[in-house]
Amino acid sequence: MSVPSPSRLPVAVLLSGTGRTLQNLLQSIHRNNLSIDVRLVISSHADVRGIDVAREHGIGTQVFLPKDYGSTDDYSDAVFEACRGSRVELVVMAGFIRYVKIPDDFQLRVINIHPSLIPAFCGKGFYGSRVHQAAIEYGVKLSGCTVHFVDNEYDHGPIIAQRAVPVEPDDSADTLAARVFQAECQLYPAVIQAIAEGRVTVTGRCVRVTPPLTE
Ligand code: GRF
């Protein structure tokens with residue numbers, strides 16, 4: 001487990017499933033490529049592997065089941081109140097499939113990674129293998145991943161960075177997903193590190209990373 005230091009950006013990670021993305025971020029921290037302190041992992045589902053990954057690293061976890069809340073607003077309030085309680089400055093969605101409404105004090109402080117080149121194959125219902133199946137059926141020759149700020153529309157907030165990967169003629173949703181995930185494992189830690197270093201500025205929908213991310 002890494003020792004939190006005051007210079008590390010305090011982060012909450014939101015997940016719903018396997019925790020592969022969380023695991024990748026924790027590996028990046030371990031390799032000293034990512035200066036964040038993951039203070040809290042929030043899951044929308046009980047008994048998922050992502051919770052185990054957090055616990056194995058000594059990270060506190062909280063489960064918020066949507067069925068326990070009367071409305072999306074109540075659910076979102078609970079999630080962000082927990083983030084405030086842990087004094088996090090950035091919320092990182094990592095395979096989190098629930099819609100949450102972003103409160104004013106978390107505008108431009110919530111990010112997500114989506115496994116396509118937004119604005120293609122995104123929006124409500126586009127998650128997991130559905131995204132890759134749709135890309136293959138459409139016949140695109142490039143897919144990839146997109147890191148973006150989260151606003152109150154699905155997969156819509158300002159785009160921070162994208163990486164493209166080829167779609168091969170014989171790809172299945174699984175083989176394409178694996179290729180895209182490799183790109184995600186590079187891109188997400190790099191973007192989060194840029195945010196931690198104060199290198200990301202936003203003007204309207206346009207996001208600038210200075211100096212730019214390297215390949
Ligand atoms: C990735 O495809 C990512 O693009 C999306 O969720 C998937 C990772 O989820 N946001 P997980 O870490 O395997 O649970």
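Further up the page is the structure itself.
Computed from a predicted model, the values in this text were never measured in an experiment.

**Considering the overall build of the protein**
- For the protein, the helix and strand inventory stands at five helices and nine strands.
- Listed N to C, the secondary structure of the protein is β-α-β-α-β-α-β-β-α-β-β-α-β-β in terms of helices and strands.
- Projecting the C-alpha coordinates of the protein onto the three principal axes gives extents of approximately 50 × 40 × 35 Å.
- Expressed as a percentage of the 215 residues in the protein, the buried residues total 48%.
- Intrachain contacts of the protein at a sequence separation of at least 6 include 63% that bridge at least 24 residues.

**Thoughts on the site of the ligand**
- In the vicinity of the ligand, the residues found are Gly17, Thr18, Gly19, Arg20, Thr21, Gly95, Ile113, His114, Pro115 and Glu184.
- Measuring from an oxygen atom of the ligand, one finds a side-chain N or O atom of Thr21 at 2.8 Å.
- Take Pro115: an N or O atom from its main chain is 3.4 Å from an oxygen atom of the ligand.
- A total of 360 Å² of accessible area belongs to the ligand in isolation, and the protein chains cover 84% of it.
- Taken together, the residues of the shell around the ligand break down into two nonpolar, six polar and two charged.

**Details of the packing of helix H1 (residues 20-30) against helix H2 (residues 49-56)**
- Between H1 and H2, whose axes approach to 9 Å, the crossing angle comes to 20°. In this view, H1 runs roughly parallel relative to H2, as classed from their interaxial angle. Judged by residue contacts, Leu22, Gln23 and Leu26 of H1 engage Gly50, Val53 and Ala54 from H2.
- Here the residues of the contact of H1 with H2 sort into four nonpolar, two polar and no charged.

**Digging into H2**
- Residues of H2 that are buried: Gly50, Ile51, Val53 and Ala54. For H2, the buried positions fall inside an angular range of 160° around the axis, keeping them on one side. Among the exposed residues of H2, those oriented more than 90 degrees off its buried face are Arg55 and Glu56.

**Considering the nonpolar core**
- Val92, Ile111, Ile160 and Ile192 are the most contacted members of the largest nonpolar core, which has 46 residues in total.
- When residues of this core are assigned to their parent elements, the largest contribution, nine residues, is made by helix H5 (residues 173-196).
- Listed in part, the 20 residues of the second largest apolar core include Ala78, Ala82, Phe96 and Val100.

**Side note on the side chain of Ser44**
- Residue placement: Ser44 occurs in the loop between strand E2 (36-43) and H2.
- Residue classification places Ser44 among the buried residues on the basis of a relative accessible area of 2%.
- One polar contact links Ser44 to Ser16, side chain to side chain, over a distance of 2.8 Å.
- Within the structure, Ser44 has its side chain in polar contact with the side chain of His45 (distance 2.7 Å).
- What Ser44 contacts, discounting residues up to four positions off in sequence, is Leu15, Ser16, Phe64, Leu65, Pro66, Tyr75, Phe96 and Arg98.

**Here's the deal with the packing of helix H4 (residues 129-138) against H5**
- Direction vectors running N to C along H4 and H5 enclose 110°, while the axes themselves pass 9 Å from each other. On the basis of the axis angle, H4 is roughly perpendicular to H5. Contacts between H4 and H5 pair Ser129, His132, Gln133, Ala135 and Ile136 from the former with Ala173, Leu176, Ala177 and Val180 from the latter.
- Residue composition of the contact of H4 with H5, grouped by class: six nonpolar, three polar and no charged.

Here is what the cut-offs are and how they apply
Residues numbered from 1 in each chain as written. Predicted model: local features only at pLDDT ≥ 70, side-chain atom pairs only at ≥ 80, totals over all residues. Heavy atoms only, no water. Helix = DSSP H or I, 4+ residues; strand = E, 2+ residues; numbered from the N terminus. Buried < 20%, exposed > 50% of the residue type's maximum accessible area, 1.4 Å probe, protein only. Contact = heavy atoms within 4.5 Å. Near = heavy atom within 4 Å. Polar contact = N/O pair within 3.5 Å; in protein donor to acceptor, adjacent residues only side chain to side chain. Areas by Shrake-Rupley, 256 points an atom, 1.4 Å probe, with all protein chains shown as cover. Nonpolar A, V, L, I, M, F, W, Y, C, P; charged D, E, K, R; others polar. Axes fitted to C-alpha atoms, helices over the stretch in contact; angles between N-to-C directions. Parallel < 35°, antiparallel > 145°, perpendicular 65-115°, else oblique. Arc of directions from axis to C-beta. Core = buried A, V, L, I, M, F, W, Y, C linked by side-chain atoms within 4.5 Å.

Shape descriptors only; they carry no functional weight alone.
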